[in-house]
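Structural features, examined
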Amino acid sequence: MRAARTVILAAGDFPKRGGEAWNQLAAARFVVACDSAAIGYKRRFGRWPDVVIGDMDSLVGRYSRKTVKIIKDSDQETNDLEKAIVWCRKNAHRDIVIVGASGKREDHTIGNVFRSLHYKVRIITENGVFYPVEGAKRFKSREGAGVSIFAVHPLTEMTSKGLKWPLDGVKFDTLFRATLNRASGKSFSVTASHPVSVFISF
């Protein structure tokens, strides 16, 4: 998988060494950490990320503004991941991927997945990738890879090629109507009338 130029490190479970999320973080040209995630990054990579965003309660006494750029934002209407995405967009970072967005608390994980869909940014976990999709998209895969699609809009219409169970004609009357599918070959394609989150397992 091609390395993204900018990686946002959320404060979930830190990526495991050797995994795709770790590789993205190690190869990134620019790293934005969500508050306390900066500590884990410093511990593992021996340096601070380029930017740290959050209310900074977790970093008191652990950093110097001379060594890391701090964006303090105490807004309670958004979480640190959303603040990081918005900051990246405002500062012309377009090639972005999110890691560290799952684990620790399931409610945070679910919220992060749908924030990534809203802002159209990929999330890489230890087990696969969440891709935001609207319109037509073709994916490279492997035969038998797990594919789950989450459609938040009940009027979503989809078609697919290369999935074990085609999506043509599926009524998305629940968020989880199109989960637990499989790729039938080395690639598959989907089209969606509204934004959906497509998860592909490694």
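Preceding block: the structure.
The structure displayed is predicted, hence computed values, not measured ones. (Residues numbered from 1 in each chain as written. Predicted model: local features only at pLDDT ≥ 70, side-chain atom pairs only at ≥ 80, totals over all residues. Heavy atoms only, no water.)

A look at the packing of helix H3 (residues 80–90) against helix H4 (residues 106–119)
Where we set the bar: In this analysis, axes come from line fits to C-alpha atoms, helices being fitted only over the stretch in contact, and the angle between any two N-to-C directions falls in the range 0 to 180 degrees. Strands are runs of DSSP state E lasting at least two residues, helices are runs of H or I lasting at least four, and both sets are numbered from the N terminus onward. Note on terminology: angles under 35 degrees are roughly parallel, angles over 145 are roughly antiparallel, angles of 65 to 115 are roughly perpendicular, and the others are oblique. The handedness criterion is simple: a crossing whose near helix is rotated anticlockwise from the far helix by less than a right angle is left-handed, and one whose near helix is rotated clockwise is right-handed. Any pair of residues with heavy atoms lying within 4.5 Å of one another is described as a contacting pair.
One can describe the packing of H3 onto H4 by two numbers: an axis separation of 10 Å at closest approach and a directional angle of 20 degrees. One element, H3, and the other, H4, form an angle in the roughly parallel class. Crossing angle aside, the handedness with which H3 passes H4 is right-handed. Along its contact with H3, which presents Leu 81, Glu 82, Ile 85, Val 86 and Arg 89, the element H4 presents Asn 112, Arg 115 and Tyr 119.

Observations regarding unusual backbone geometry
With a phi close to 65 degrees, Ala 92 is a non-glycine residue in the positive phi region. Considering the arrangement of structural elements, one finds Ala 92 in the loop between H3 and strand E5 (96–99). One non-glycine residue with positive phi stands out, namely Leu 180, at about 60 degrees. Following the sequence through the fold, Leu 180 ends up in strand E10 (residues 178–182).

Digging into the pairing of strand E11 (residues 187–201)
Condition: For two strands to count as paired, DSSP must find a minimum of two bridges between them.
The sheet contact formed by strand E7 (residues 128–140) and E11 spans twelve bridges and is antiparallel. Counted as the bridge partner of Val 129 is Ile 200 from E11. Pairing analysis gives five bridges linking strand E8 (residues 146–151) to E11, with the strands arranged antiparallel. Bridge assignment links Ile 149 to a residue of E11, and that residue is Val 198. Relative to E11, strand E9 (residues 158–161) runs antiparallel, the two being bridged by four bridges. Bridged to Thr 159 within E11 is Thr 191.

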